[in-house]
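Each chain, written out:
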Amino acid sequence: MSTAFRWVAQARAGRARAGHLHTAHGIVPTPTFMPVGTVGTVKAMTMDAVRSTGAGIVLGNTYHLMLRPGAERVRAQGGLHRFMDWPGPILTDSGGFQVMSLGALRKLDQDGVTFNSHIDGSKHRLTPERSTDIQNALDATITMCFDECPALPAPTETIAQSMRLSMRWAARCREAFVPRPGYAQYGIIQGGTEPELRAESVRALTDIGFEGYAIGGLAVGEGQALMFATLDSTVPLIPQDRPRYLMGVGTPDDLLGAVERGVDMFDCVMPTRAGRTARAYTERGTLNLRNARHADDLRPISPHCDCLACSRHSRAYLHHLFRANEMLGPMLLTWHNIAYYQRLMRGIRAAIVEGTLDAHGSWLRAQWAMDDWTPDEMPPPDIPPVP
Ligand SMILES: [Zn+2]
């Protein structure tokens, strides 16, 4: 069996694709949602819990891990897979998005970015070469290019200059990348919501040549309609045989719409962040478990979920945990939300394979628009659940 990194198509439905990502650390069915493990942990979850949801690949972050515990320390301890107990594939963000978000704490030049740590104010520098070296030290399965991403809205000329700088950096990232069987580096398409700039960016990156392509600089306040329009014009330009990754997206509805436009991979902090703030994702939209109406509700969060929160606990108990600020609340609800995102992606994937994506998409959208399950549709159990 070859361990070459590749994406193999299985089925198509319009522009949507189902396939498998073959990597040095295992095979991941796509479309896939990657839980965010910024600092070497998917917040509030054990890696066994992450695995139990069916997640196949997780994210790590260059910026956070270089500051703490330090890339060389992770390398000395056997790499990020060993360090965090995730033998499966790991994609690492390049740190570009985080350092650009530091505002006054960072200084950008043509060669890279100098910035002060948000932890202790110490001075650091990231360049395309340094970011790539760090991701190599972490043993990232998928290394991302170091790029610059302006906040939108911005003047077209600002977006164009920023994109062209990112493309020059992408060439330097490619030079610094150490090719290994089953490992990959993705180029990041920039250009805001301007179709011509996005097309120019795709040409620049495909001239360099990467194992996969990411669409960056979206979900930064432009709205879903503009994001989808940008995907409509950009995704068809990406080589068909390469995986496409939409960075930092999004809501369940965003994921469905992006899959329909040909995207294979996603990451977003929404399900984990919501899990810490009492917001539950369900087939019927979101619930706020702090709401008093859940105080005596013995039903699970969702009748379709087999996560620990839904199989062993009631909404009433989750409500109590959040009201009492108990850490088990965020733990159980993060688990539930990641389980929901994985179930959502499995359903979409199965529909692409079975040729029923249109019907499945309509059903998902109709369900999201409905109110919470009534007691008639989802009666409380006769006996409260006993562990
Ligand atoms: Zn659940």
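Before reading on, note that the structure itself is shown above.
None of these values were measured; they are calculated from a predicted model. (Residues numbered from 1 in each chain as written. Predicted model: local features only at pLDDT ≥ 70, side-chain atom pairs only at ≥ 80, totals over all residues. Heavy atoms only, no water.)

1. Some words on the overall build of the chain
- Counting secondary structure elements, the chain contains 15 helices and 16 strands.
- Relative to the globule expectation of 21 Å for 387 residues, the C-alpha radius of gyration of the chain, 21 Å, shows essentially globular dimensions.
- The principal-axis extent of the C-alpha atoms belonging to the chain is close to 65 × 50 × 50 Å.
- In the chain, buried positions account for 55% of the 387 residues.
- For the chain, the share of sequence-separated contacts (at least 6 apart) that also reach a separation of at least 24 residues comes to 68%.
- Per element, the accessible surface of the chain, about 16,000 Å² overall, is 54% carbon and sulfur.
- Charge-centre separation for the chain: the mean point of 39 positive side chains lies 4 Å from the mean point of 39 negative side chains. (Helix = DSSP H or I, 4+ residues; strand = E, 2+ residues; numbered from the N terminus. Rg over C-alpha atoms; globule rule 2.2 N^0.38 Å. Buried < 20%, exposed > 50% of the residue type's maximum accessible area, 1.4 Å probe, protein only. Contact = heavy atoms within 4.5 Å. Areas by Shrake-Rupley, 256 points an atom, 1.4 Å probe, with all protein chains shown as cover. Lys, Arg positive; Asp, Glu negative; His and termini not counted. Charge placed at Lys NZ, Arg CZ, Asp CG, Glu CD.)

2. Side note on the coordination of the zinc ion
- All of the protein donors around the zinc ion are C305 (SG), C307 (SG), C310 (SG) and H336 (ND1); their distances to the metal are 2.1 to 2.3 Å.
- Between the four donor atoms coordinating the zinc ion, the angles at the centre fall across 97 to 118°, so the site counts as tetrahedral.
- The motif formed by the donor residues of the zinc ion, counted along the single chain, is C-x1-C-x2-C-x25-H. Like C305, the residue C310 is buried in the burial classification. (Donors = N, O, S within 2.8 Å, 3.2 Å for Na, K, Ca; no water. Tetrahedral: all angles 85-135°; square planar, octahedral: opposite > 155°, others 65-115°.)

3. Digging into the pattern of salt bridges
- Counted under the stated rule, the structure contains 21 salt bridges.
- Here D111 makes a salt bridge to R172, at a shortest N to O gap of 2.8 Å. One end of the pair, D111, is in the loop between β7 (106–108) and β8 (113–116); the other, R172, is in helix α7 (residues 156–176), and 61 residues separate them in sequence.
- Between D297 and R299 there is a salt bridge; the shortest N-O distance is 3.0 Å. Neither D297 nor R299 differs from the other in exposure class; each is buried.
- Each member of the salt-bridge network shares a partner with another, and the members are D109, D111, R125, E129 and R172. (Salt bridge = Lys/Arg side-chain N within 4 Å of Asp/Glu carboxyl O.)

Function cannot be read off these values alone, since they describe shape.
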